[in-house]
Amino acid sequence: MQAVLQTVIMGIRGLMSFVEDHSNEFFTDLKLRDTKIVIDGYALFHRLCFNSNLELRFQWRNVNTIKGTQDCYIPAKCFSLDALCHHFSNMNKALLPLFAVLCGNDHINLPIIETFLSKVRLPLGATSSKGRRHHRVLGLLNWLSHFADPTEALDNVLKYLPKKDRENVKEILCSSMEEYQQSQVKLQDFFQYGTYACPAALNLDLPEWVLVALAKGQLSPFISDALVLRRTILHTQVENMQQPNAHRVSLPIRQIIYGLLLNASPHLENMSWDALPSQPLAFSEMERINKNIKTSIVNAVELPKDHSDLSKLTELSLAKRQILLLDTLKVKRTVLESIPSSLKLPISVSCYWLQHTESKAKLHHLQALLLGMLMGPLHAIITSPDKEDLREDGARMLYEEFQRVKEQTRPGTRLDLDTAHIFCQWQCCLQMGMYLNQLLSTPLPEPDLTRLYSGSLVHGLCQQLLTSASVESLLSMCPKAKQLYEHLFNATRSYAPAELFLPKGKSNSKKRRQKKHSTSWSKNRVGTTSDTRCLYEGSNRFGLLMVENLEEQTEVSELE
């Protein structure tokens, strides 16, 4: 048995509380046993659902045993869209996309819709003590249930609007409703046969190698979203919301990715986001700006002719593809000569990260990251059949020491937000570096991510390096690991700013001068626009972004 659970967040405030109040009616109890569950992340923006916290529906830690047997199952609840529509006089499911855009959500928030809502008489339904937003949601669902299909309902919406605005509003509403049309994707095919042909990609007339890579899941959703939608989402992490978005560090890498995708298909030229013919085609990014989620427009970087044709990208030699990758990361190939192949990409990304002006990394941050990268090689030494005397190089002892550091940094430990933000920046660089590497058909080997970075380990190592331990004392038990660490450190050292190695006193005095200069510069900018790249502000549904004093209130629930 294979269950595919597809969900979507419509971003409608007031809807979740109603569904929770009727959970017995809209949810069906399930017992999952010998079942493959696929959480379809791609469908998060294409179908109807009301709770992003899927783990609340799946009681993973509550494994029950079937009475009289040794068989186990996990209790779960499955949301029924049919039950929701039945509650509202068996309304047509096709009306739900119109309901979403009329309520306002992450994709559309038209002021003129308020004109419609102020004039139409929405049925009140059952009385409730809930707020205005709750009543609007119920009123719209009840009102829409009187119409047979979206065409009839849309015509009735337009009747309440000024005649001069009707055609324009109709076009915008219809376009926005397409965001919520049910996806035809059948993920069962991929998990059963190892491949899936995406109709949207086929219709774009993409190069054959791109279609094959998409079908086999070899390109990330970020790449497919940029290809098909010309829109990407930069997910907010556990970072310091008082500082600029951590994804800003990797913007130059993303612009190269967009440049490679720019000429992927002739059909994409018709999706220029209303750009003038003389302007370069752009991509839309949804990201955190200050404490809000906004959409920004980012122009692609124009690449040389031999790199701009995506259909011929795989025909480039390995050396040329590697040069394009390393040039983007601003790293010389000679620096990587002493680095194991599995760590060449992470070290290249680390060199890029250190060079970026927004990265405020300190020496112990770099040291903790590089020490964390030793976990993979240490594990390989320990599990190698050729190694008989493991105590000779102390690999097992060091590996176990790192495991103890991870265990000491337990979930719930108060997080150093500045350190978390710095590591978030590094992860953003690694993520986009890997996406670019995949798009270039892996000119550098892909690292084993399972042992490349551990949040609890690097945070714990940071604490130890600041208080009691040193790199030399940690690595003294394993000469081979010490030698590898020195290679990693020497490769990154040449790209690190000089102040990273200054004594603490000198470094701090320099920062105070920079801060004073920055404060003076900020005062001179009072009254200027905050960000010219912003297109519009989306609905903010992220509670963490509203916390004013993050250092006092933020505690990490999971460091990994």
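Since we're looking at a predicted model, the values are computed, not measured.

## Description of the pairing of strand β7 (residues 282-289)
Here comes step 1: In terms of burial, β7 is a largely internal element, 8 of the 8 residues being buried.
Here comes step 2: By the alternation rule, side chains of β7 split into Ala282, Ser284, Met286 and Arg288 and Phe283, Glu285, Glu287 and Ile289, which are all buried.
Here comes step 3: Looking at chain direction, strand β6 (residues 231-233) and β7 are connected through 3 bridges and run parallel. Across the sheet, the residue bridging to threonine 232 is glutamate 285, located in β7.
Here comes step 4: Bridge analysis of β7 against strand β8 (residues 292-299) gives 8 bridges, and the strand direction is antiparallel. When the bridges of β8 are listed, glutamate 285 appears paired with serine 296.
Here comes step 5: The loop that links β7 with its antiparallel partner β8 comprises 2 residues; one of these, asparagine 290, has a positive phi angle of about 60 degrees.

## Quick notes on the packing of aromatic side chains
Here comes step 1: Enumeration according to the criterion identifies 10 aromatic pairs in this entry.
Here comes step 2: Centroid distance tyrosine 485 to phenylalanine 489: 6.0 Å. Interplanar angle 20 degrees. Geometry classified as stacked. With tyrosine 485 and phenylalanine 489 both in helix α23 (residues 479-493) and 4 residues apart, this pair spans about one turn of that helix. Take tyrosine 485 and phenylalanine 489: they sit in the same class, and that class is buried.
Here comes step 3: Note on phenylalanine 489 and phenylalanine 501: the rings are 6.1 Å apart at their centroids and 85 degrees apart in plane angle, and the pair reads as edge-to-face. Placement of phenylalanine 489 in helix α23 and of phenylalanine 501 in the loop between α23 and α24 (504-523) is noted, with a sequence separation of 12 residues between them.
Here comes step 4: Of the residues examined, phenylalanine 489 reaches a relative accessible area of 12% and is grouped as buried.

## A closer look at the environment of valine 19
Here comes step 1: By the secondary structure assignment, valine 19 is in helix α1 (residues 15-21).
Here comes step 2: In this structure valine 19 comes out as buried when scored by relative accessible area, which is 0%.
Here comes step 3: Note: C-alpha distance between valine 19 and phenylalanine 79 (60 residues apart in sequence) is 9.6 Å.

## Thoughts on the pattern of salt bridges
Here comes step 1: One pass over the structure, following the stated rule, counts 8 salt bridges.
Here comes step 2: The salt bridge involving glutamate 114 is made with arginine 136; its shortest N-O contact spans 3.2 Å. Placement of glutamate 114 in helix α5 (residues 111-119) and of arginine 136 in helix α6 (residues 132-144) is noted, with a sequence separation of 22 residues between them.

## Describing unusual backbone geometry
Here comes step 1: For arginine 230, which is not glycine, the phi torsion reads 55 degrees and is therefore positive.
Here comes step 2: Checked against the element boundaries, arginine 230 lands in the loop between α12 (221-228) and β6.
Here comes step 3: A positive phi angle, near 45 degrees, is found at threonine 442, a position not held by glycine.
Here comes step 4: Note that threonine 442 resides in the loop between α20 (417-439) and α21 (455-467).

## Focus: α20
Here comes step 1: The end-to-end C-alpha distance of α20 is 33 Å, a good match for the 33 Å that 23 residues give at a rise of 1.5 Å each.
Here comes step 2: One side-chain oxygen of the residue at the start of α20 lies 3.2 Å from the amide nitrogen of aspartate 418, identifying that residue as aspartate 416.
Here comes step 3: One or two steps after α20, the chain reaches serine 441, where phi turns positive at roughly 60 degrees.

## Concerning the environment of leucine 370
Here comes step 1: With respect to the helices and strands, leucine 370 occurs in helix α17 (residues 363-372).
Here comes step 2: Relative accessible area serves as the criterion here: at 0%, leucine 370 is assigned to the buried category.
Here comes step 3: Sequence spacing of leucine 370 and leucine 484 is 114 residues, and the spatial spacing of their C-alpha atoms is 9.6 Å.
Here comes step 4: In this structure leucine 370 touches Ile347, Tyr485, Leu488, Phe489 and Thr492, once residues within four positions along its chain are discounted.

## Structural notes on the side chain of threonine 419
Here comes step 1: If you trace the backbone, threonine 419 turns up in helix α20.
Here comes step 2: What threonine 419 contacts, discounting residues up to four positions off in sequence, is His365, His459 and Cys462.

## Here we look at the confidence of the model for the protein
Here comes step 1: When the pLDDT values of the protein are averaged, the result is 77; 74% of them are 70 or greater.
Here comes step 2: Within the protein, strand β1 (residues 2-6) has the poorest average pLDDT of any element, 32, and helix α16 (residues 344-355) the best, 97.
Here comes step 3: Scored below 50 in pLDDT, residues 40-58 shows 60 contacts in the model against residues more than four places distant or in partner chains.
Here comes step 4: Of the regions scoring below 50 in pLDDT, residues 272-278 engages in 7 contacts with residues more than four places distant in sequence or in other chains.

## Overview of the packing of α16 against α23
A pair of packed helices is characterised by two quantities: the angle between their axes and the separation of those axes.
Here comes step 1: Where α16 contacts α23, the two axes come as close as 9 Å, and the packing angle between them is 40 degrees. Judged on the interaxial angle alone, α23 and α16 are oblique. Note that α16 runs across α23; the crossing there is right-handed. Between α16 and α23, the residues in contact are Ile347, Ser350, Cys351 and Leu354 and Leu488, Ala491 and Thr492, respectively.
Here comes step 2: Split by residue class, the contact of α16 with α23 holds 5 nonpolar, 2 polar and no charged.

## With respect to the nonpolar core
One recurring pattern in soluble globular proteins is that nonpolar side chains are buried together.
Here comes step 1: Membership of the largest hydrophobic core comes to 99 residues, with the highest contact counts inside it found for Ile257, Leu371 and Leu374.
Here comes step 2: By residue number, the principal contributor to this core is α20, which donates 10 residues.
Here comes step 3: Other than its neighbours up to four places away in sequence, leucine 374 contacts Phe402, Leu475, Ala481, Leu484, Tyr485 and Leu488.
Here comes step 4: Counting 39 residues, the second largest nonpolar core, distinct from the first, contains Leu117, Phe147, Leu161 and Val169.

Conventions adopted
Residues numbered from 1 in each chain as written. Predicted model: local features only at pLDDT ≥ 70, side-chain atom pairs only at ≥ 80, totals over all residues. Heavy atoms only, no water. Buried < 20%, exposed > 50% of the residue type's maximum accessible area, 1.4 Å probe, protein only. Helix = DSSP H or I, 4+ residues; strand = E, 2+ residues; numbered from the N terminus. Pairing = 2+ DSSP bridges. Phe/Tyr/Trp six-rings, centres within 6.5 Å; stacked < 30°, edge-to-face > 60°. Salt bridge = Lys/Arg side-chain N within 4 Å of Asp/Glu carboxyl O. Expected span 1.5 Å × (residues − 1). Polar contact = N/O pair within 3.5 Å; in protein donor to acceptor, adjacent residues only side chain to side chain. Contact = heavy atoms within 4.5 Å. pLDDT = per-residue confidence, 0-100. Axes fitted to C-alpha atoms, helices over the stretch in contact; angles between N-to-C directions. Parallel < 35°, antiparallel > 145°, perpendicular 65-115°, else oblique. Left-handed = near helix turned anticlockwise from the far one by under 90°. Nonpolar A, V, L, I, M, F, W, Y, C, P; charged D, E, K, R; others polar. Core = buried A, V, L, I, M, F, W, Y, C linked by side-chain atoms within 4.5 Å.

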